[in-house]
Each structure stands twice: as structure tokens, then as C-alpha cells.
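Coordinates in review
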Amino acid sequence: MTKHSTKIWPRTRYVALCLAGVSVLSYVSCGDHESIPATVTFTEHVAPILYGNCSICHRPGGTAHFSLVTYEDARKSAGASAYVTKERIMPPWPADPHYTTFKGERILSERDIQILGKWAEEGAPQGPADKMPVLPKYPDGSENGTPDMRISVPPYFLKANSSDRFLLVKVPFELPRDTFASLVEFVPGKSNVVHHVNGDLVSYEFDKKKDVFAGERALDMQADTAKLLAAFQRLGLPNDDGTYPVLQKSVVNYLPGAVGQKYPDGIGGYKLPRKGIFLLNDMHYGFTNKDDITDSSYINIFFSKTQPDRPLQEFQLGTLSSFGNAPVLPDLIIQPNTVKPVHSQYTVPEDISVLTINPHMHLLGKSFKAYALKPNGDTIRLISIPRWDFNWQYFYTFKKMVKIPMGSTIVAEGVYDNTKQNLNNPFSPPRLVRDNSGSMKSTDEMFQFIVSYLPYREGDENISLDVK
Ligand code: HEC
């Protein structure tokens, strides 16, 4: 088939062929009506794809360890880029876009994938210099503007060639008065080693705690998980009388490539106490290469003038479920050389509007799926991750809120692969792996589904969450 013949084909015929599920046009994919150029060059065709989809991470100072900015950089990885995009390993977006779609999706079109493939095949030509697009201005510090306050996370030293580290880090603060924040955002110092952070907010009643700065600042989780309460003591978290203050989960999270979640005005946000602590409960540093590294991350706070009138609420299914009545079934005990499905479910006692969801498993995770069953039997799709990837655990925000009516049952299903075929299996030969009282060690397992929601209000499903 020649290129010429596609152009004169009636559109309806083309669409019909696509519906049959087979693209007979090897160089044009279904759904992309623009054909692939006869000669694919870096400046004309490839750079726009890389700048729009890859360089946010693949640039000097980005999350990835190599850059895809200059022609030379991109040429060196042309073959690898063609491969990882064809396999949809890159850009990293584990959720299946055919099941549900989310804000900020990182997904290449079939056409982009074919362009990268053709470019690599044809020897990665450079193309005319005057066609070179301008590199977008990537943010340095925050994508959300200038923060009102910045608090440093204790610097952390990583030796060259060190393996993963999980820390429990305390970031105390004092404010002149109780206030509100529209966004609390974690910014990695060295984004190529900071893997992820789950940060909670500990709020003290003013007269219950004299000194929020007293105590240790950072502990090694892998040594301390089994003794979490002891770790809390060492960090000086309890009130002066030994009781525990209020802890609000998931106030400041970070994942590779993720940016702070801004919601429309009045939605989300936090009440910040005069005395408080951000408890980075599971700050994960990935392995380092040949260089010693000192990471100096920080937390940005954006105050809000008014009290957000709809603070986010959250519940969790699975390991450490918020209610204890959405346990993992059967128990998360995964025998060696087995593939094990588990599930967890929770029936919502009121109408809710779901904004953001976060599936969580560790290295044995194979797939994840969540949906809600309405009382009338209908299914509301939430997320499907056919190929679980420990390295990319996004907080997925819907483009518009998803209403789940009272009495619906939210079901989360996970599959674990504890065979040697699972290349991420931390043990060789495979060993029995289980959840360990909520241990976040990646060699223990977890099964969690975290849902951020609001009590439903009329019209919620029409509010766009796709705000910048
Ligand atoms: C959200 C951040 C992010 C985005 C977006 C992203 N990458 Fe990556 N990419 C990474 C990280 C992190 C790695 C892991 C290796 C590393 O640390 O550099 C990686 C690895 C790779 C690798 C090496 C794979 C291997 O097995 O060695 C290639 C090639 C690659 N990316 C190409 C791309 C291309 C092409 C795009 C855009 C279409 C893209 N990436 C988008 C973060 C990203």
C-alpha cells in the first residue's frame, strides 16, 4: 500500500478498518489520522515529542539519570527510547487509559511511538536546525508558583553505590497562629535519588507540647519499623504528657515525576496548627551510582487566605485499613512460588465524590484493579493497572470528581507474583512474604487502596479538577 492511497481513501472506510481492530496500514495507526512523515528527523518530529513527554524527567537535574534534551543525548538513546515507548514502559503511566482516564496522564499516542521507532530505525537523523523547538522552561523549585513558606528537610548523606534506604523523618515547624494551607508540597533536592515520600501532619494542641524541635530528626526505617512506637518516642512525637497528638495522613506526598496536587478553590487544603510536625513516614531513597550524594529536600507551603470549606477526607482499604473492617482477604501471606490474588472491600455509608486514588503494593505486586459496585449492580470503574510497577505509584486524580452513591461497595483487587519469573522478587529463591503489621519495607508486602474524597454535593461531577 502506498502513502498516496491512504490519502484518497474515504474516511469512513479507514474508520471501519480500525474498528475491526486491525490496522492494515503499517505506518498509520488507528485513531491517528495524520500519517507518519516520509523522513523523520530530530528537530522536526522527535524533539517535540521528547520535550512534551520526556524531558520533564530526562534533563539535567531531572528524575532520570540521563537527559533527552540535546540531539546528541537523544541520538545515543534512540534505540532504547523506541523500545521503551513501544512497550509503554515510558513515559511511566501504569494505569490502563482504556479503563479510566486521569488528570496529567503521561501517555504517548500511537503516532508518537511510531515516529520514535522510525527515527531510530533510520539512523536518528538530526534535521534542519531552524526547526528545533524551544525547550520548555521547566520549574526549579515549584510548579505551583512562589511558596509562602519553605521548610528544609534534614539533609541526608548517601554514600556512592548505596542501596535503597527508607527513613522516618521529622520536619517540625512553628507558626505565629493556626492557619490554612491550600497546598503542602514536597520538593526533592536530588530528584534522581528521592524515590517517594508519604508525609503526614502531626498537629499539637498549643499547650500540650513545649518543644516540637526536640528529639531526633531522622531514623532508618529498615532498622526501626518493628519498633515504630519506640521510633516515635525517639523522634519526640508524643505530647509532653506521653499521649499522642492528632495525625493526619498523606498531607505531603511525593513520587517520581509527581507535582503537588492543586484542587479548585475551596477544595482540599489543610489546617496547620501553631505547632506541628510533618512526619515523612517512609521517605525512600533509591540506590546511588558512583557518586556520594547529599540530598537537601524541602517542603513548600502555600497558605490560603480563607479556610478551604471542603477539606479532603480519606479512607484506606487493605493493610492498615482506616476502619479495620476492610482487611485484606485472604490474609496477605504469599507462599514462595505462588501467584496470589487478594481483595479488600468497603461499603460507603454516604454519597461521596472521589478526587484522587492511590493503589499501593510492593515488589511482588503484579496487577491492581479497583471499582465500585452500586446498589443497583452497576459498576463504576476506578483504576486498572495491568502491569504493576513498584517505581511508579502515582496519586491518580480524576479529571472530574467521581460520584459513588451511598451503599456502593468499593472493591480493590490485587495479584502478587512470588515466583522467580517476577524480576522484582527481592528474594532468590523466593521466600514466604507477608504483610508485617503494616511494615513499609519493600521486602515485606502491603495491599492498600487510598481514596481521597468529599461528601457528595449536587453538581460535583461537573467540577473540573484539571486546574493548574
Ligand atoms: C516521570 C518521569 C519520566 C518520564 C516522563 C519519562 N521517563 Fe524515561 N525514565 C525515568 C526514570 C526515573 C528512568 C529510570 C532510569 C533512571 O533512573 O534514569 C527512566 C528510564 C528510561 C529509559 C531507560 C530504560 C532502561 O531500561 O534503561 C529510557 C530509554 C527512557 N526512560 C526513555 C523515555 C522516553 C523516550 C520518555 C518520553 C516518551 C520518557 N522516558 C519519559 C523517568 C521518566
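Calculation rules
- Residues numbered from 1 in each chain as written.
- Predicted model: local features only at pLDDT ≥ 70, side-chain atom pairs only at ≥ 80, totals over all residues.
- Heavy atoms only, no water.
- Helix = DSSP H or I, 4+ residues; strand = E, 2+ residues; numbered from the N terminus.
- Buried < 20%, exposed > 50% of the residue type's maximum accessible area, 1.4 Å probe, protein only.
- Contact = heavy atoms within 4.5 Å.
- Areas by Shrake-Rupley, 256 points an atom, 1.4 Å probe, with all protein chains shown as cover.
- Core = buried A, V, L, I, M, F, W, Y, C linked by side-chain atoms within 4.5 Å.
- Domains from an automatic or database assignment.
- Donors = N, O, S within 2.8 Å, 3.2 Å for Na, K, Ca; no water.
- Tetrahedral: all angles 85-135°; square planar, octahedral: opposite > 155°, others 65-115°.
- Pairing = 2+ DSSP bridges.
- Axes fitted to C-alpha atoms, helices over the stretch in contact; angles between N-to-C directions.
- Near = heavy atom within 4 Å.
- Polar contact = N/O pair within 3.5 Å; in protein donor to acceptor, adjacent residues only side chain to side chain.
- Expected span 1.5 Å × (residues − 1).

Structural notes on the overall build of the protein
Scanning the protein from N- to C-terminus turns up eight helices and 21 strands. For the protein, buried positions account for 50% of its 468 residues. Contacts in the protein between residues at least 24 apart in sequence constitute 80% of all its contacts with a sequence separation of at least 6. When the accessible surface of the protein is summed, it comes to about 22500 Å², and 53% of that surface belongs to carbon and sulfur atoms.

Regarding the nonpolar core
Core analysis: the biggest nonpolar cluster contains 42 residues, and Ile357, Phe368, Ile383, Ile404 and Phe449 have the highest contact counts within it. Among the secondary structure elements, those contributing two or more residues to this core are strand 12 (313–318), strand 14 (339–347), strand 15 (352–361), strand 16 (365–373), strand 17 (379–385), strand 18 (396–404), strand 19 (409–417) and strand 21 (447–455). Among the domains, domain 1 (36–131) and domain 3 (313–462) are the pair contributing at least three residues each to this core. If we skip the residues at most four places from it in the chain, Ile404 touches Val348, Glu350, Asp351, Ile352, Val354, Ala372, Ile380, Leu382 and Ile410. Core analysis: the second largest hydrophobic core is formed by 29 residues, Val169, Leu175, Tyr270 and Leu272 among them.

A look at the coordination of the iron atom of the ligand
The coordination sphere of the iron atom of the ligand, as far as protein atoms go, consists of His58 (NE2) and Met90 (SD), spread over 2.0 to 2.2 Å. Classification of the site at the iron atom of the ligand as octahedral follows from its six donor atoms and the range of 85 to 179 degrees in their angles at the metal. Note that His58 is positioned in the loop between helix 3 (42–53) and helix 4 (71–76) and Met90 in the loop between helix 5 (78–86) and helix 6 (110–121), a separation of 32 residues in sequence.

Some remarks on the pairing of strand 9 (residues 275–285)
With 11 of 11 residues buried, strand 9 lies mostly within the body of the structure. Relative to strand 9, strand 3 (residues 165–174) is paired through 10 bridges, and the arrangement is antiparallel. Considered in strand 9, the bridge of Glu174 is made with Lys275. Looking at chain direction, strand 5 (residues 194–204) and strand 9 are connected through nine bridges and run antiparallel. Bridging from a neighbouring strand, Tyr204 pairs with Lys275 of strand 9.

What to know about the sheet that holds strand 17
Within a beta sheet, neighbouring strands are joined by backbone hydrogen bonds and run either parallel or antiparallel to one another. As summarised here, the arrangement of the four strands in space is 14-19-16-17, forming an open sheet in which the pairing is antiparallel. At either end of the open sheet lies a strand with only one pairing partner, and these are strand 14 and strand 17. Going across the sheet, the axis of each strand differs from the next one's by a mean of 15 degrees, ignoring polarity. Inspection of the sheet shows strand 16 paired to strand 17 by six bridges, in the antiparallel sense. What sits directly across from Ala370, in strand 17, is Ile383.

Overview of the sheet that holds strand 9
In spatial order, the strands read 6-3-9-5-7; together these five strands make up an open sheet with antiparallel pairing. The strands lining the two open edges of the sheet, one partner per strand, are strand 6 (218–220) and strand 7 (246–254). The average undirected angle you get between the axes of adjacent strands in this sheet is 20 degrees. Direction of pairing for strand 3 relative to strand 6: antiparallel, over a ladder of three bridges. Residue Leu168 lies in a different strand from strand 6, and its bridge partner there is Leu219.

Some thoughts on the site of the ligand
Residues in close proximity to the ligand total 19 residues, the closest being Cys54, Cys57, His58, His65 and Met90. A distance of 2.8 Å is found between a nitrogen atom of the ligand and a side-chain nitrogen or oxygen belonging to His58.

Overview of helix 6
Owing to its 3.6 residues per turn, the α-helix aligns residues three or four sequence positions apart on the same side. Here helix 6 is 12 residues long and its end C-alpha atoms lie 16 Å apart, about the 16 Å a rise of 1.5 Å per residue gives. Turning to helix 6, its buried residues number three or more, namely Arg111, Asp112, Ile113, Ile115, Leu116 and Trp119. Buried residues along helix 6 sit against helix 3, helix 4 and helix 5. Looking one or two residues past helix 6, Gly123 carries a phi angle of roughly 85 degrees, positive in sign.

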